[in-house]
Amino acid sequence: MHRTLSLVAFGLFLTTFFAVGQGVCLGQSAESNYTQPGHRYAHGHAGVYGWGGGYHASTAAEGFARGAADVIRARGENNLSNALAQRQWEAARKQQLENKVLKVRTFYERRAIYEYEHAAEVALRRERAEARLARIRLSDFSPQEFDPATGEIQWPALLADQAFIDYSIWFDSLLAERAKYGQLDAGALGEAQTLIKQWRAEVTAVKDQVPEAVLRDSLRFLLRLDRELQTKLG
């Protein structure tokens, strides 16, 4: 009797043990069936994103490393952009300075050319005037014609005519002033030149009324007066 009960108990123990073992195996198999496909998909295809859309770091250390790399890369790109912008700004600044230098250089070159051409023109006019005076062989006033100590001048008959009295009186006063003060200002000399030109024009206008020799001597007298004022009385 006791032997029979022991066999029955041992049979129940074995039945329970195998049932529990099978349950465990079934549980593992079910769990494997649930997780295995994802596991195979994630590790069976390297470089392909798994479920959920997007690769993510498998560990916190990997995530930190990737974030640090992104920050370093962003800083590098920013530094490169700043360097390129700085280089472009420096190039633009250099071009601006070169343009200013060129503008200033052009200004001074143009002014130098103008001054050179102006000086050449003045020299040419002077040479022509001297050549003209040399051609007509103007001579200085004789002591009988002009006294520098008193300013008294002996006008030719045509120039002393009543028709030109305003001119002769003005020059008598000018020459007397020069004798008294020893010099004439630039304004008076400029006005004298203008009046001599006008006087010559009015004398030439009466050329049909006077002999040619009288007209020539009167015009030459006014040229001698102009030279006297410019070379000796200034």
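Up top you'll find the structure we're talking about.
Below is a short write-up of the structure. (Residues numbered from 1 in each chain as written. Predicted model: local features only at pLDDT ≥ 70, side-chain atom pairs only at ≥ 80, totals over all residues. Heavy atoms only, no water.)

## Remarks on the side chain of Ser168
Consideration 1: Position of Ser168 relative to the elements: it lies in helix 3 (residues 165-181).
Consideration 2: Leave out the neighbours within four places in its chain, and Ser168 touches Trp155, Leu159 and Trp199. (Helix = DSSP H or I, 4+ residues; strand = E, 2+ residues; numbered from the N terminus. Contact = heavy atoms within 4.5 Å.)

## So, the pattern of salt bridges
Two side chains of opposite charge can pair, provided their charged atoms sit close to one another.
Consideration 1: In the structure shown here, the tally under the stated rule is four salt bridges.
Consideration 2: The salt bridge involving Glu145 is made with Arg224; its shortest N-O contact spans 2.5 Å. Highlighted residues: Glu145 in the loop between helix 2 (60-136) and strand 1 (146-147) and Arg224 in helix 5 (residues 212-231), separated in sequence by 79 residues. (Salt bridge = Lys/Arg side-chain N within 4 Å of Asp/Glu carboxyl O.)

## Brief notes about the packing of aromatic side chains
Consideration 1: Under the counting rule described, the total for this entry stands at nine aromatic pairs.
Consideration 2: Each ring, one from Trp155 and one from Phe171, has its centre 6.4 Å from the other, and the planes form 65°; the classification is edge-to-face. Placement of Trp155 in the loop between strand 2 (152-153) and helix 3 and of Phe171 in helix 3 is noted, with a sequence separation of 16 residues between them. When sorted by exposure, Trp155 lands in the same class as Phe171, which is buried.
Consideration 3: Chaining the aromatic ring pairs together yields one cluster made of Phe141, Phe146, Trp155, Tyr167, Trp170, Phe171, Trp199 and Phe221. (Phe/Tyr/Trp six-rings, centres within 6.5 Å; stacked < 30°, edge-to-face > 60°. Buried < 20%, exposed > 50% of the residue type's maximum accessible area, 1.4 Å probe, protein only.)

## Notes on the nonpolar core
Consideration 1: Counting 26 residues, the largest nonpolar core has Ile153, Trp155, Phe171, Trp199, Val203, Leu225 and Leu229 as the members making the most contacts within it.
Consideration 2: At the level of secondary structure, the elements contributing two or more residues to this core comprise helix 3, helix 4 (186-204) and helix 5.
Consideration 3: With seven residues, helix 4 is the single largest residue contributor to this core.
Consideration 4: With residues up to four places along the chain from it excluded, the contact list for Leu225 reads Phe141, Ile153, Trp155, Phe171, Leu175 and Ile196. (Core = buried A, V, L, I, M, F, W, Y, C linked by side-chain atoms within 4.5 Å.)

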